[in-house]
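# A closer look at the structure
Chain residues, written in single-letter form:
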Amino acid sequence: MPVLEVRNIHKTFGKTEVLKGIDFTLEKGGALSIIGSSGSGKTTLLRCLNFLERPDAGVITVNGETLLDCSKPSTMSESQIRKKRLHFGLVFQSFNLFPQYTALENVMLAPVLLSKENHVKNFDRNALKSEAEELFANIGLADRMQNYPHQLSGGQQQRVAIARALIMHPDILCFDEPTSALDPELTGEVLKVIRGLSEKNTTMIIVTHEMEFARDVASHVIFMDSGVICEQGNPQEVFNHPKEERTKQFLSRYSQN
């Protein structure tokens, strides 16, 4: 059974139809790269998966559980939406760390708040701290846990954001252009962490403009254009032997840069 099934997702903003019927599945441990021009609907798709936007139509299923069926009336409370959102971890383009908290506090914050909301008795803060410290070691920032965001480089902040998502143990880790806000020299350290996650069979969806990285890290690639999936397949098929003319045009532009 796929960990994620997305069926017939549509999303319109005003008179603009951004998603026009998106269908795909993702296997557990798979890494899906989503590529395409700006405005093709990639980020909107991620936001729909993470319940930051509600699609106008479609079905989202995780581990056989239907999280969203737009054919049925929406009666979900905010707490129910937050619970469904826990299936996904989202790493944003712009880090979104809280400046008043240290890197360690940023990573621990969501589990602490969730335990309070759910009135968890005997919450083990020391165990959480140990897990966070292990994550910092894994992303190469063990010596930066007590630093505040303004004391970290952009690449370091993005790695903290990845740790913050991982500590929630999501079924699917999502990245929305994780290197777009970084200088080229800082991009490599973030891509190295994501590549390491892929090698550990972390289930991921990666929206990226880094074509070489998308090809190397992914088990499956989707090329989106004008709100539809124009082409999809394994990296070898999509990057080396694209079938659709639009895919060929898009990839040729990147090969010339």
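For the structure itself, look to the data block above.
Residues numbered from 1 in each chain as written. Predicted model: local features only at pLDDT ≥ 70, side-chain atom pairs only at ≥ 80, totals over all residues. Heavy atoms only, no water.

What follows deals with helix H6 (residues 184–199). End to end, H6 covers 23 Å across 16 residues, agreeing with the expected 22 Å (1.5 Å per residue, within 8%). Along H6, the positions that sit buried rather than exposed are Leu186, Thr187, Val190, Leu191, Val193, Ile194, Leu197 and Ser198. Angularly, the buried residues of H6 cover 155° about the axis, an arc narrow enough to put them on a single face. Facing away from the buried side of H6, by more than 90 degrees, are the exposed residues Glu185, Lys192 and Glu199. Buried residues belonging to H6 abut strand S3 (31–35), helix H5 (154–166), strand S7 (172–176), strand S8 (204–207) and helix H7 (211–217). Positioned one or two residues after H6, asparagine 201 has a phi angle of 60°, which is positive. (Helix = DSSP H or I, 4+ residues; strand = E, 2+ residues; numbered from the N terminus. Expected span 1.5 Å × (residues − 1). Buried < 20%, exposed > 50% of the residue type's maximum accessible area, 1.4 Å probe, protein only. Arc of directions from axis to C-beta. Contact = heavy atoms within 4.5 Å.)

The next thing to look at is the sheet that holds strand S6 (residues 88–91). The six strands lie next to each other as S6-S7-S8-S3-S9-S10, forming an open sheet whose pairing is mixed. A single partner strand is all that each edge strand has here, and the edge strands are S6 and strand S10 (228–233). Across the sheet, the mean angle from the axis of one strand to that of its neighbour is 20°, orientation sign disregarded. As defined by bridge partners, S3 adjoins S8 across four bridges and the pair is classed as parallel. Counterpart to leucine 32 in the pairing with S8 is isoleucine 205. Against the sheet, H5 touches S6 and S7, its axis set at about 170° to S6. Along the sheet face, H6 touches S3, S7 and S8 and points at about 150° away from the line of S8. (Pairing = 2+ DSSP bridges. Axes fitted to C-alpha atoms, helices over the stretch in contact; angles between N-to-C directions.)

Now for the packing of helix H3 (residues 103–117) against helix H4 (residues 125–138). At a closest axis distance of 10 Å, the pairing of H3 and H4 adopts a crossing angle of 130°. Taken as axis vectors, H3 and H4 run oblique relative to one another. The handedness of the crossing between H3 and H4 comes out as right-handed. Of H4, the residues touching H3 (which contributes Ala103, Leu104, Val107, Met108, Pro111 and Val112) are Arg125, Leu128, Lys129, Ala132 and Phe136. (Parallel < 35°, antiparallel > 145°, perpendicular 65-115°, else oblique. Left-handed = near helix turned anticlockwise from the far one by under 90°.)

What follows concerns the packing of aromatic side chains. Under the counting rule described, the total for this entry stands at two aromatic pairs. Judged by centre distance (6.1 Å) and plane angle (75°), the rings of phenylalanine 98 and tyrosine 101 are edge-to-face. Between phenylalanine 223 and phenylalanine 250 the ring centres are 5.0 Å apart and the planes differ by 35°, which places this aromatic pair in the tilted class. Of the two residues, phenylalanine 223 sits in strand S9 (residues 220–225) while phenylalanine 250 sits in helix H9 (residues 245–256), which places them 27 residues apart along the sequence. The pair phenylalanine 223 / phenylalanine 250 is uniform in exposure class, with both members buried. The cationic tip of lysine 11 hangs over the ring face of phenylalanine 13; the distance from NZ or CZ to the ring centre is 5.1 Å. (Phe/Tyr/Trp six-rings, centres within 6.5 Å; stacked < 30°, edge-to-face > 60°. Lys NZ or Arg CZ within 6 Å of the ring centre and 35° of its normal.)

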